[in-house]
Amino acid sequence: SLILNSDAARNDIIPGWVLQYSPYTIARSEKKFQQRRKAKRHDFYTGWKIVRPATVDMCRWARTQLQQQSDGKVDGIGPNQLSPKGKSIGIRAYTDCIQRYALHGLLQFLTTEFVVAANNETINQQLHKEFQSVKTSSMMVNPTSQNVKWPILPWAEPTDQWDHQKSVLMAEFPSKDVGIEWCANALQKLIVLEKDYSKRIRLCKHRDDVRGSTVIPGYAQSHIKADDDPVIKDAQQQLDETIRSVELITQQLLRPQSKL
């Protein structure tokens, strides 16, 4: 979150500010962690992703607190105030992060584990079977607990991330009929989120370049420009790969099928 000075007696808080306005920070950190994962004895704990089940559950909890707040009163923000605009920004930031995480899980499942059957009816049966026993799981975090505990460390999280992603999918996109149409709509939502994510990463770096060149002597000579930044190139590559994968699996799901 970001805390801004305000004309009022208290400062304004903007929940989820890093997620919404500085996604470059997260993308760059993940890339840095992966590149520095050299020593074998550190391998099991240095390569985790920042956006993972426990952090996603933190976002889910934070969003719930914002959705339930009234009159700017929210537990955990201290002597700060939450404006309607700040609340809206926070809910959107957390929602986009949560849904993008879950939808990438769906895409990975459909492209790596799911075998497209020969007809629509069988495909729908396959998808229904995969999701029929999924329940919206309880979150792994409970900041309101009276007992202070260590956070869940990355290597202690559940190993089956897809199970967690399925539960999040059912919470975010509830349906009693998970089938071809549901999947196609969900994947289109992923493209929208991925385009927005890639765009915001570029805007974040470009904003830093403009500001840095203005206030820091020699900034342009010592920093990579946004167009040449490997983090931005990775984000664009991920966007391109996501679009290609979604188009391919959607064509397979929606192509004219033979009847039983």
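The structure contained in this document is the topic of the report that follows. (Residues numbered from 1 in each chain as written. Predicted model: local features only at pLDDT ≥ 70, side-chain atom pairs only at ≥ 80, totals over all residues. Heavy atoms only, no water.)

Let us look at the overall build of the chain. Scanning the chain for helices and strands turns up ten helices and three strands. If you list the helices and strands of the chain from N to C, you get β-β-α-α-α-α-β-α-α-α-α-α-α. When contacts within the chain are restricted to residue pairs at least 6 apart in sequence, long-range pairs at least 24 apart make up 77% of them. Within the structure as shown, the chain displays about 15,900 Å² of accessible surface, and the carbon and sulfur contribution to it stands at 52%. (Helix = DSSP H or I, 4+ residues; strand = E, 2+ residues; numbered from the N terminus. Contact = heavy atoms within 4.5 Å. Areas by Shrake-Rupley, 256 points an atom, 1.4 Å probe, with all protein chains shown as cover.)

On to the packing of helix H4 (residues 53–68) against helix H7 (residues 161–172). Each pair of packed helices can be described by the angle between their axes along with the distance between the axes. Close contact between H4 and H7 brings their axes to 11 Å; oriented N to C, the two are set at 20°. Looking at the two axes, H4 sits roughly parallel to H7. Remark: the crossing between H4 and H7 carries left-handed chirality. Across the interface between the two elements, Pro53, Val56, Asp57, Arg60 and Arg63 from H4 touch Gln161, His164, Val168, Ala171 and Glu172 from H7. Tallied by class, the residues present in the contact of H4 with H7 amount to four nonpolar, two polar and four charged. (Axes fitted to C-alpha atoms, helices over the stretch in contact; angles between N-to-C directions. Parallel < 35°, antiparallel > 145°, perpendicular 65-115°, else oblique. Left-handed = near helix turned anticlockwise from the far one by under 90°. Nonpolar A, V, L, I, M, F, W, Y, C, P; charged D, E, K, R; others polar.)

This part covers the nonpolar core. One finds Leu106, Leu110, Phe131, Leu169 and Trp182 to be the most contacted residues of the largest nonpolar core, which totals 47 residues. Elements with a minimum of two residues in this core: H4, helix H5 (84–112), helix H6 (120–131), H7, helix H8 (180–215) and helix H10 (230–254). With eleven residues, the top contributor of residues to this core is H5. Apart from residues lying up to four places away in sequence, Trp182 is in contact with Leu106, Phe131, Leu169, Met170, Phe173, Ser175 and Asp177. Ala27, Tyr197, Ile201 and Ala226 belong to the second largest nonpolar core, which has nine residues in total. (Core = buried A, V, L, I, M, F, W, Y, C linked by side-chain atoms within 4.5 Å. Buried < 20%, exposed > 50% of the residue type's maximum accessible area, 1.4 Å probe, protein only.)

This paragraph deals with the pattern of salt bridges. Pairs may arise between side chains of opposite charge once their charged atoms sit close together. Throughout the structure, instances matching the rule amount to eleven salt bridges. Among the salt bridges present, the one from Asp57 reaches Arg60, with a minimum N-O distance of 2.8 Å. One end of the pair is Asp57 and the other is Arg60, both in helix H4 and three residues apart, which spans about a single turn. This pair shows no difference in class: Asp57 is buried, exactly as Arg60 is. Linked by salt bridges that have partners in common, Arg92, Asp96, Asp196 and Arg200 make up one network. (Salt bridge = Lys/Arg side-chain N within 4 Å of Asp/Glu carboxyl O.)

Empty space within the largest pocket amounts to approximately 820 Å³. What lines the largest pocket is a set of 30 residues, among which Glu30, Lys49, Arg100, Tyr197 and Gln238 lie closest to the centre. Elements represented by at least two residues in the lining of the largest pocket include exactly helix H1 (17–21), helix H2 (23–35), H5, H7, H8 and H10. Top contributing element to the lining of the largest pocket by residue count: H5, with ten residues. (1 Å grid on protein atoms, 1.4 Å probe; cavity = no way out; pocket = protein on both sides within 12 Å on 5 of 7 lines; lining within 4 Å. Points joined across faces, edges and corners; volume = space filled by probe spheres on them.)

On to the side chain of Asp96. Of note, Asp96 is situated in helix H5. Asp96 sits in the buried class, given a relative accessible area of 12%. Excluding anything up to four places from it in sequence, Asp96 contacts Gln20, Leu193 and Asp196.

Turning next to the packing of aromatic side chains. Enumeration according to the criterion identifies five aromatic pairs in this entry. Between the NZ or CZ atom of Arg100 and the centre of the ring of Tyr197, over which it lies, the distance is 3.6 Å. (Phe/Tyr/Trp six-rings, centres within 6.5 Å; stacked < 30°, edge-to-face > 60°. Lys NZ or Arg CZ within 6 Å of the ring centre and 35° of its normal.)

Note that Val168 resides in helix H7. For Val168, a relative accessible area of 0% puts it in the buried group. Spatially, the C-alpha atom of Val168 lies 9.5 Å from that of Val134, the residues being 34 residues apart in sequence. Excluding its chain neighbours within four sequence positions, the residues that come into contact with Val168 are Arg60, Ile98, Tyr101 and Ala102.

A few words now on the environment of Asn119. Among the secondary structure elements, Asn119 is positioned in the loop between H5 and H6. Residue class for Asn119 comes out buried when judged on its relative accessible area of 7%. Counting along the chain gives 135 residues from Asn119 to Leu254, while the straight-line C-alpha distance between them is 9.9 Å.

No statement about biological role is implied by the geometric values presented.
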